[in-house]
Amino acid sequence: MTYIAKPKLHHPALTPNALGYLRRDYEGSVSTLCAGCGHDSISAAIIQAAYELDLPPHRVAKLSGIGCSSKTPDYFLGNSHGFNTVHGRMPSVLTGANLANHELIYLGVSGDGDSASIGLGQFAHAIRRGVNMTYIVENNGVYGLTKGQFSATSDRGSRSKKGVVNHDAAIDMVSLALQLGATFVARSFSGDKAQLVPLIKAAIRHPGPAFIDTLSPCVQFNNHAGSTKSYDYVREHNEAVNRLDVIADRKPIEVDYEPGTTISVTQHDGSVLSLHKLAEHYDATDRIAAMAYLAERQAEGEIVTGLLYVNPDPGDLHGALGTTDRPLNSLSDAELVPGQAALDRINAGLR
Amino acid sequence: MTAPLAAINDFVVKFANVNGSGSASANSMFAKAVLRMGVPVAVRNIFPSNIQGLPTWFEVRVTGEGHLGRRGGVDMMVAMNPQTWDRDVAEIEPGGYLFYDSTKPMPPSKFRPDINIIGVPLTAICNAAYTVARERQLFKNIIYVGALAALLGIEIEVIEQLLAEQFEGRERLIKANYDALHMGRDWVKDNMAPLGLQVRRADAVGDRIFIEGNQAAGLGAVYGGATVCAWYPITPSTSLAEAFTSYCQELRVDPESGKANFAIVQAEDEIASIGMVIGAGWNGARAFTATSGPGVSLMTEFIGLSYFAEIPAVIFDVQRGGPSTGMPTRTQQADLIGAAYASHGDTKHPMLLPMDPGECFTFAAQAFDLADRLQTTVFVMLDLDMGMNEWLTEPFKWDDSRRMDRGKVMTHDELEAGRDFGRYLDVDGDGIPYRTYPGVHPTRGGYFTRGTSRNPYARYSEEGSVYVDNVQRLLRKFETAKSFVPAPELRPASTPTRDGVIYYGSTGPAMHEALGLFERQGRRLDALRIRAFPFSSEVDDFLASHDRIFVVEQNRDAQLRTLLMAENGGDPDRLVPILHFDGTPITARFIVSSISSLMDATQPPGSRPLREAAE
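Please read these numbers as outputs of a predicted model, since none were measured by experiment. (Residues numbered from 1 in each chain as written. Chains lettered and ligands numbered in written order. Predicted model: local features only at pLDDT ≥ 70, side-chain atom pairs only at ≥ 80, totals over all residues.)

Asker: How should the overall build of chain B be read in this particular structure?
Answerer: A tally of helices and strands in chain B yields 19 helices and 23 strands. Expected size for 615 residues packed as a compact globule is a radius of gyration near 25 Å; at 27 Å, chain B falls within 12% of this value. Projected onto its principal axes, the C-alpha coordinates of chain B cover approximately 85 × 80 × 40 Å. Considering only intrachain contacts with a sequence separation of at least 6, the fraction spanning at least 24 residues in chain B is 76%. (Helix = DSSP H or I, 4+ residues; strand = E, 2+ residues; numbered from the N terminus. Rg over C-alpha atoms; globule rule 2.2 N^0.38 Å. Contact = placed C-beta atoms within 7 Å.)

Asker: How should the pairing of strand β7 (residues 184–189) of chain A be read in this particular structure?
Answerer: Two faces, one strand: in a regular strand the side chains alternate between the faces of the sheet. Residue and element names in this part refer to chain A. Buried residues dominate β7, accounting for six of its six residues. Across the two faces of β7 the burial is the same, with F184, A186 and S188 and V185, R187 and F189 all buried. Examined bridge by bridge, β7 and strand β8 (residues 209–215) share six bridges and lie parallel to one another. Bridge pairing in β8 links S188 to T214. The β-α-β motif built from β7, the intervening helix α7 (residues 193–205) and the parallel element β8 has right-handed crossover chirality. Two elements, β7 and strand β13 (residues 303–310), share four bridges in a ladder whose sense is antiparallel. (Buried ≥ 20, exposed ≤ 12 C-beta atoms within 10 Å, placed from the backbone. Pairing = 2+ DSSP bridges. Right-handed = clockwise from strand over helix to strand, strands pointing away.)

Asker: Please explain the sheet that holds strand β6 (residues 92–101) of chain B as it appears in this structure.
Answerer: Strand-to-strand pairing in sheets goes through backbone hydrogen bonds, with the strands running parallel or antiparallel. Residue and element names in this part refer to chain B. Here six strands make up an open sheet; going across it, the order is β3-β4-β2-β5-β6-β7 and the pairing mixed. In the strand order of this sheet, the two ends are held by β3 (41–46) and β7 (116–120), each with one partner. Strand-to-strand twist of the sheet, defined as the mean angle between neighbouring strand axes without regard to direction, takes the value 15 degrees. (Axes fitted to C-alpha atoms, helices over the stretch in contact; angles between N-to-C directions.)

Asker: Looking at this structure, I do not really get the interface of chain A and chain B. What am I missing?
Answerer: When the parts of a complex come together, some accessible area is lost, and that lost area is often used as the size of the interface. Of the residues lining the interface, 49 residues belong to chain A; the matching set on chain B comes to 53 residues. Mapped onto the side of chain A that touches chain B, the elements with two or more residues apiece are β2 (81–84), α3 (90–100), α5 (120–129), α11 (333–336) and α12 (339–348) of chain A. Tallying contributions element by element places α3 of chain A first for the side of chain A that touches chain B, with eight residues. Looking at side-chain class alone, the side of chain A that touches chain B contains 21 nonpolar, 21 polar and seven charged residues. The pairing of β2 of chain A with strand β17 (residues 448–449) of chain B spans two bridges and is parallel. The residue of β17 of chain B that forms the bridge with F83 of chain A is T449 of chain B. (Nonpolar A, V, L, I, M, F, W, Y, C, P; charged D, E, K, R; others polar.)

Asker: Would you take a moment to explain helix α7 (residues 213–223) of chain B for this structure?
Answerer: Counting along an α-helix, one turn takes 3.6 residues, and residues three or four places apart therefore face a common direction. For α7 of chain B, the buried fraction is high: eleven of the eleven residues fall into the buried class. Once α7 of chain B ends, the next one or two residues include G225 of chain B, with phi positive near 85 degrees.

Asker: Mind showing me how you'd approach unusual backbone geometry here?
Answerer: Residue and element names in this part refer to chain B. In this model, T235 is joined to P236 through a cis peptide bond whose omega is 5 degrees. With respect to the secondary-structure elements, P236 resides in the loop between β10 (228–231) and α8 (238–251). Following F533, the chain continues into P534 via a peptide bond in cis, with omega recorded as 5 degrees. As for its position among the elements, P534 is in the loop between β21 (532–533) and α17 (537–544).

Asker: Explanation requested: the sheet that holds strand β12 (residues 272–277) of chain A in the structure shown.
Answerer: Residue and element names in this part refer to chain A. With respect to topology, three strands assemble into an open sheet ordered β10-β12-β11, the strand pairing being antiparallel. Each end of this open sheet is capped by a strand with a single partner; those strands are β10 (242–247) and β11 (261–266). Along the sheet, successive strands turn relative to each other by an average axial angle of 20 degrees, direction set aside. The sheet contact formed by β11 and β12 spans six bridges and is antiparallel. Each residue of the ladder has a partner; that of I263, found in β12, is L275. Relative to β10, α7 is tilted by about 50 degrees, and along the sheet it contacts β10 and β12.

Asker: Would you mind going over the nonpolar core with me for this structure?
Answerer: A general tendency of soluble globular proteins is for nonpolar side chains to be buried together. With 264 residues, the main nonpolar core has L308 of chain A together with V228, L352, V380 and I591 of chain B as its most contacted residues. Among the elements that take part in this core, helix α4 (residues 133–152) of chain B stands out by supplying twelve residues, more than any other. With residues up to four places along the chain from it excluded, the contact list for L308 of chain A reads V174, V185, A186, R187, V241, A284, A290 and L294 of chain A. If you look at the next biggest cluster of nonpolar residues, it comprises five residues, including Y143, F150, C218 and F221 of chain A. (Core = buried A, V, L, I, M, F, W, Y, C linked by C-beta atoms within 7 Å.)

Next up, the structure:
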């Protein structure tokens, strides 16, 4: 199911985007993941989204933790600075990086082990702090690099490749993100490029904490009968609530979905999210209703995908802290170091 | 009957109080009044891990000669806590004074025949003057300050001035405090004579300031250009982050926009704190966290990443006793090895070892230059004694021509001009590579940051030889660090000697006092105060030129001595540990008695006849 383009196979006639970059300018090293890995599809979707959004590739900072998913930032946006941090702690590093320079786009890539097990605390606190970021969990319900142990998102009753049945309850990261105050929450499937690419674009344009839980089957350790994260299982149980089109400013509106109800959500930065509703009555701007709907469908064994919640006018951590408009990493001595005159006053108060 | 102690500007008063009774500000006013009379004081809080109810002590050493270490012993006990009465009374030096609230009669067995009893009916005075319980409680503290002023010769106008400053603009409060102060003073004047212990106006304070090390370090971080602080509350470091916060609010808010030129986050734990610091450092902001030993333990994985990925970070470790609660409100220097080698794999980290609040300020600012210059975590090792007690220190100075040293950062223009960029390439032979800030250039200078598995151009590699080259380069960098960090400070003995003493951190004031006593005893010791790790060549010279070196530390395991042996080949037979680790600050008395008895008992190894070789 890999649709990542390998560097040498480029079609010479590819069209440059508004900044003059080709799609290949957003690619990275060749993936070392297993053939057919869902994660490579997500990398391809990130490349496509960045290309379509006309992002200057070097103005993205991509951060990850440890695990198969966390290796992927090497495989896209090769001109961006990347940071493979420590297991489960990407959210804090991303938070610090964001504090240092709010002008870059922050892309956090993680897995279910990295974010739901060892890193659950950091995931939760970065979300509740309102860090402006796009946080993608490549969720396969299994530890790949250490060969097939259950993760905290494995469903109770699901069976591992070795035949072990998981007896622990699963953590639903989407429900958590909603509860913790993420202002953009989506779920998608690595095998559904048409749904995933617009979601990533919308999340990048979202000026607050944006979370995308992406089901991404592990072809080696979690793609068998009895798994609830396999390609077949997810396809059979996927219930998309909407289809999304992201209309960046100045671009003509194109909606090519089949007829249905369409609503538009204008985000704070001017981008318009055109939501084609598939589920009747589903309102992606109603957080409480979204949580209830998710719980209902989950009880029915369905995996709800699409843009589940968006607050078009979110705040972020910098707003809460009242930081200066200029990146903190660009401030000079004159702005940071008060000098001897201020020290004289301080000394005088300490006698 | 032992003769009553008599001394001018040289005695110790200890206040025994109940935590949360409002005594802290009264006691601190007492100390400051002595200072304002031009007489140096050294004060120490001994406090429990508690907000209200447990015993707390405040020790004031009045020291005309300016000895800022703890002296040990108590000449006058202000015993305001019935819970600790017996041990407080027992602690008084023979001929010393016991000041107590005599409202309720005490049986004679509760006193000692060899001390002088000063009973003042504080509760009775209070009850006559106040009806509200809280007022009785708070003003009792001011009443005893007034009484002590009369007994010890402290000028009442000085205390009045301090009260006026403290309650500036609240005239009613000032008046009420004056009244209480005079109630105590007048009672003593009417009923007692001044004691043998007296404060006399002097001019021994100069322009020195009185400040806690944590506050000084927080200010130093402002001057060091720190813009990101991520921290998690832990005694005894909390007041450092809080001081940084309040100094930033005062000094770092843009006057026009009202916006903050800083970002401070109280993180969910120490792991997230250091993660944020490393993220900010990676992205070109100066960032720090403040913590104590348990926090460093939690941070160690990230500290290793900072070492291998070469990301600047500053950690203030305000050292304390071991885990849990209790000893954590006592002081120690017990995190040295933990910090020096924190993390997995082969790692070592520079540490700065300030002696007092003055160095807390300068080292804090310098730590950010060093972290940028060396692209690694730099520790600043305070301890509870200097961190949470106000110490007399030289006024802060700043050279306005000084600029932040951001180290080797390749710019957009250099990249554009085609300069070769290899993130881990040792172009200058000093082990320090160039780095770029994220977002610098559209097509050049970008790289993927990892731990160890990459070549000099930051490309993935699991080759053993690539790894070895890289970690050898990190050793070269550590060697380079020796010439960047603060050099040790040598105090030679009055005549040449082969005996030496090595010390560091908050041991400084007690050691300096001890050195004077040694000289008077005719013992000659060259003294070296170590101010940073890695140890520079001056330390090697000192080790080589002395036959016996006492290494004085406030921990059980002789941690600095271990570092001297491990890193600089210090000879274990010549390095004699002198260790103080009961949680109280070390004293000159302890140092002198420990070293003197060893010097009397043994000859230095160099002068000993050579041991016969084993056959």
